[in-house]
Amino acid sequence: MTTEQVTVNDVGPRDGLQSQSKILTVDERLQLVEALIAAGLRHIEVGAFVSPKAVPAMAGTAGVLSALAKKDRSADAIHTVLVPNLRGYELARAAGANSVCMVVYGSDAMAQANVRMSRRGAESAATEILQLARRDGVRVTLTIAVAFECPFEGAVDPQRVCELGGRLLELGTDELCLADTIGAAHPLQVRSLTGSLVGSYGASRLSCHFHDTRALGLANVFAALESGIRKFDASIAGLGGCPFAPGASGNVATEDVVMMLEQMGFETGIDLGPLMKAAELAQKLTGTASGGRASAWLLQNA
Ligand code: COA
Ligand code: ZN
């Protein structure tokens, strides 16, 4: 029997750092990315090309990319940058990015708060970016933010999310990520939404992004696993939160997700020892406590 693989994409250097009160230098951000690479992470969201006025912590992402390229760090790795609009896509391309993540929205209010667009406006910007990326040979992840609940509008209609996801998959996105931006989803909701999309499109291009605001991060990962999802975003040491989504706290911690998956017999290719070192570094650099539980357990049982 072959072991089933699950891919973990660490979004700590982007989702994790964007809302920290302490802004890291490009060199510190690189140290964090390097620590994740050393732990075996092949998929990392390394930054964002967003307005430095809106998100000062992501200024200098071009420097992160060029340093990684110099070290030839991306031969078989996928280092993604977030782009909020066409301008961001162009800046990302100019900096040599070959994998981008663009966000679309389950609600109009969240789209307005985040990028001052309507839901439809963000979808058409994503469509345009997808077409350009095709031409440029750039990999695209489209993330549906507030796929379950919006901090401004409340519950999001799953039918709406399924239809939006279906349109984006049919347009040929390399990956469609369902994001519980504020950590409000519960496992049965997750199983139902992921189950519908997997039923229609298969699981190979689908992924999930959970925040651990209410300690339901791992339960939601498990629910999505049951539907066949085999790729998850997570953030080292549970860093994170969205500056434009009130109440959002950190992502489910990478070390917790990896520990659970490995214990369940999935293969992640990630080494927990160096991963704990990366979690320690994340805490040291940001000065915030770990949201993850795995490190304490693993150290005690080492
Ligand atoms: N990268 C860098 N600067 C950008 C940019 C980008 N992708 N898009 C726009 N800008 C700049 C413009 O040049 C302009 O600068 P100026 O004030 O010096 O002239 C300023 O941002 C406003 O531009 P405008 O086109 O009016 O944008 P907006 O105000 O409608 O949109 C966003 C603002 C979307 C650019 C901004 O809110 C943003 O970057 N948000 C990031 C959201 C985010 O990262 N959320 C968390 C992750 S989901
Ligand atoms: Zn997030």
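The structure we're discussing is the one just above.
Not measured: the values here are computed from a predicted model.

The rules behind the values
Per chain, the residues get numbers from 1 upward, laid out in the order the sequence is written. Naming scheme: in the order in which they are written, chains are lettered from A and ligands are numbered from 1. With pLDDT at 70 or above as the cut-off, local features in this predicted model cover only qualifying residues; side-chain atom pairs require 80 or more to be listed or tallied, and sums for whole chains, interfaces and linings still use all residues. Computation of side-chain values covers all heavy atoms of the structure but excludes hydrogens and water. In this description a helix means any DSSP run of H or I spanning at least four residues, a strand means any run of E spanning at least two, and both kinds are numbered starting from the N terminus. Only C-alpha atoms enter the radius of gyration, while the globule expectation follows 2.2 Å times N to the 0.38, with N the number of residues. Working definition: with a 1.4 Å probe on protein chains only, accessible area under 20% of the residue-type maximum means buried, over 50% means exposed, and in between means partly exposed. The contact definition used throughout considers only heavy atoms, calling two residues in contact when any of these lie within 4.5 Å. Residue exposure ignores everything except the shown protein chains as possible cover, and the areas themselves are Shrake-Rupley values with a 1.4 Å probe. Note on charges: Lys and Arg go in the positive column, Asp and Glu in the negative column, and His and the chain ends are not counted at all. By convention, the charge on Lys lies at NZ, on Arg at CZ, on Asp at CG and on Glu at CD. Working definition of a nonpolar core: buried Ala, Val, Leu, Ile, Met, Phe, Trp, Tyr and Cys residues. They are joined through side-chain atoms within 4.5 Å. We count a salt bridge whenever a side-chain nitrogen from Lys or Arg sits within 4 Å of a carboxyl oxygen from Asp or Glu. Under the convention used throughout, the expected extent of a helix is 1.5 Å for every residue step, that is, one less than its residue count. Taking the helix axis as origin, the arc is that swept by the directions to the C-beta atoms. Counted as donors are the N, O and S atoms within 2.8 Å of the metal, or 3.2 Å for Na, K and Ca, while water is not among the atoms, so some sites may look incomplete. Any residue with a heavy atom positioned within 4 Å of a molecule or strand is treated as near that molecule or strand. Pairs of N or O atoms are called polar contacts if they sit within 3.5 Å, as long as, within protein, a hydrogen donor faces a hydrogen acceptor (for residues adjacent in sequence, only side-chain-to-side-chain pairs). Ten residues, namely Ala, Val, Leu, Ile, Met, Phe, Trp, Tyr, Cys and Pro, are considered nonpolar, four, namely Asp, Glu, Lys and Arg, are considered charged, and the remaining ones, Gly among them, are considered polar. In short, DSSP must find at least two bridges between two strands for them to pair. Lines are fitted to the C-alpha atoms to define the axes, a helix being fitted only along its stretch in contact, and any angle between axes, read from their N-to-C directions, falls within 0 to 180 degrees.

Chemist: Any details on the overall build of the chain? Residues and values, ideally.
Modeler: Looking only at helices and strands, the chain has 12 helices and 10 strands in total. Whereas a compact globule of 302 residues would reach a radius of gyration of roughly 19 Å, the chain reaches 17 Å, a difference of no more than 12%. Reported as C-alpha extents along the three principal axes, the dimensions of the chain are approximately 50 × 40 × 40 Å. For the chain, the proportion of its 302 residues judged to be buried stands at 55%. Of all intrachain contacts in the chain linking residues separated by at least 6 positions in sequence, the fraction that spans at least 24 positions is 73%. About 12,400 Å² of surface is accessible on the chain, with carbon and sulfur atoms providing 52% of the total. Put simply, the chain has 26 plus and 31 minus side-chain charges, and the middle of one group is 5 Å from the middle of the other.

Chemist: If you had to explain the nonpolar core to someone new, which residues and values would you point to?
Modeler: Ranked by internal contacts, the top residues of the largest apolar core, which has 103 residues, are Phe210, Phe232, Ile236 and Leu275. Take this core: its biggest share by element is eight residues, from helix α11 (residues 272-286). Setting aside anything within four residues of it in sequence, one finds Phe232 in contact with Val6, Thr7, Val8, Asn9, Cys208, Phe210, Val221, Ala224 and Leu225.

Chemist: Requested: an account of the pattern of salt bridges, with residues and values cited.
Modeler: Per the stated rule, a full pass over the model turns up 12 salt bridges. Asp136 is the partner of Arg93 in a salt bridge, and the nearest nitrogen-oxygen pair spans 3.7 Å. Of this pair, Arg93 sits in helix α4 (residues 86-94) while Asp136 sits in helix α6 (residues 119-136), and the two are 43 residues apart along the sequence. According to the relative accessible area criterion, Asp136 is partly exposed, its value standing at 22%. The salt bridge involving Arg120 is made with Glu123; its shortest N-O contact spans 3.7 Å. Pair noted here: Arg120 and Glu123 are both in helix α6, with a separation of three residues, about one helical turn. For Glu123, a relative accessible area of 11% gives the class buried. Counted as one network, the salt bridges with shared partners bring together Arg14, Asp15 and Glu45.

Chemist: Before we move on, could you go through helix α8 (residues 187-201) and cite the residues and values that matter?
Modeler: Along its 15 residues, α8 runs 21 Å from first to last C-alpha, staying within 8% of the 21 Å computed at 1.5 Å per residue. The complete set of buried residues in α8 reads Val190, Leu193, Thr194, Leu197 and Val198. Buried residues of α8, seen end-on, are gathered within an arc of 130 degrees and therefore sit on one face of the element. Counted as exposed and oriented over 90 degrees from the buried face of α8: Leu188, Gly199 and Ser200. Looking at the buried residues of α8, the elements they touch are α7 (158-170), β8 (175-180), β9 (206-210) and α9 (217-227). Immediately downstream of α8, the backbone of Gly202 shows phi near 80 degrees, a positive value.

Chemist: Can you break down the coordination of the zinc ion (ligand 2) residue by residue, with the values?
Modeler: Summarising the metal site, the zinc ion (ligand 2) is bound by the protein donors Asp15 (OD), His209 (NE2) and His211 (NE2), whose distances to it range over 2.0 to 2.1 Å. We note that the donor set of the zinc ion (ligand 2) lies within a single chain, spaced as D-x193-H-x1-H. In this structure, His209 and His211 share a single accessibility class: buried.

Chemist: Outline the environment of Leu298, listing residues and values.
Modeler: With respect to the helices and strands, the residue Leu298 is situated in helix α12 (residues 294-300). Taking the C-alpha atoms as reference points, Leu298 and Leu272, separated by 26 residues in sequence, lie 8.6 Å from one another.

Chemist: So, the site of ligand 1: which residues are in play, and what are the values?
Modeler: Close to ligand 1 lie 18 residues; Ser51, Lys53, Asn85, Arg87 and Asn114 are nearest. Measuring from an oxygen atom of ligand 1, one finds a backbone N or O atom of Ser51 at 2.7 Å. Burial of ligand 1 by the protein amounts to 68% of the accessible area it has alone, namely 910 Å². Residue assignment for the shell around ligand 1 shows that the elements contributing at least two residues are α4 and α5 (108-115). Grouping the constituent residues of the shell around ligand 1 by class yields nine nonpolar, five polar and four charged.

Chemist: Could you give an account of the side chain of Ser207, naming the residues involved and the relevant values?
Modeler: Mapped onto the elements of the fold, Ser207 is located in strand β9. Looking at Ser207, the relative accessible area reads 0%, which means it is buried. Those residues in contact with Ser207 that lie beyond four places of it in its chain are Glu175, Leu176, Cys177, Leu178, Ile229 and Lys231.

Chemist: Which residues make up the sheet that holds strand β5 (residues 139-145), and what values go with them?
Modeler: What the eight strands build is a closed barrel, ordered β1-β2-β3-β4-β5-β8-β9-β10; its pairing is parallel. Averaged over neighbouring strand pairs, the angle between their axes works out to 30 degrees when direction is ignored. Pairing of strand β4 (residues 99-105) with β5, which is carried by seven bridges, proceeds in the parallel orientation. Paired with Ser99 across the two strands is Arg139, which belongs to β5.

These values are about where atoms sit, not about what they do.
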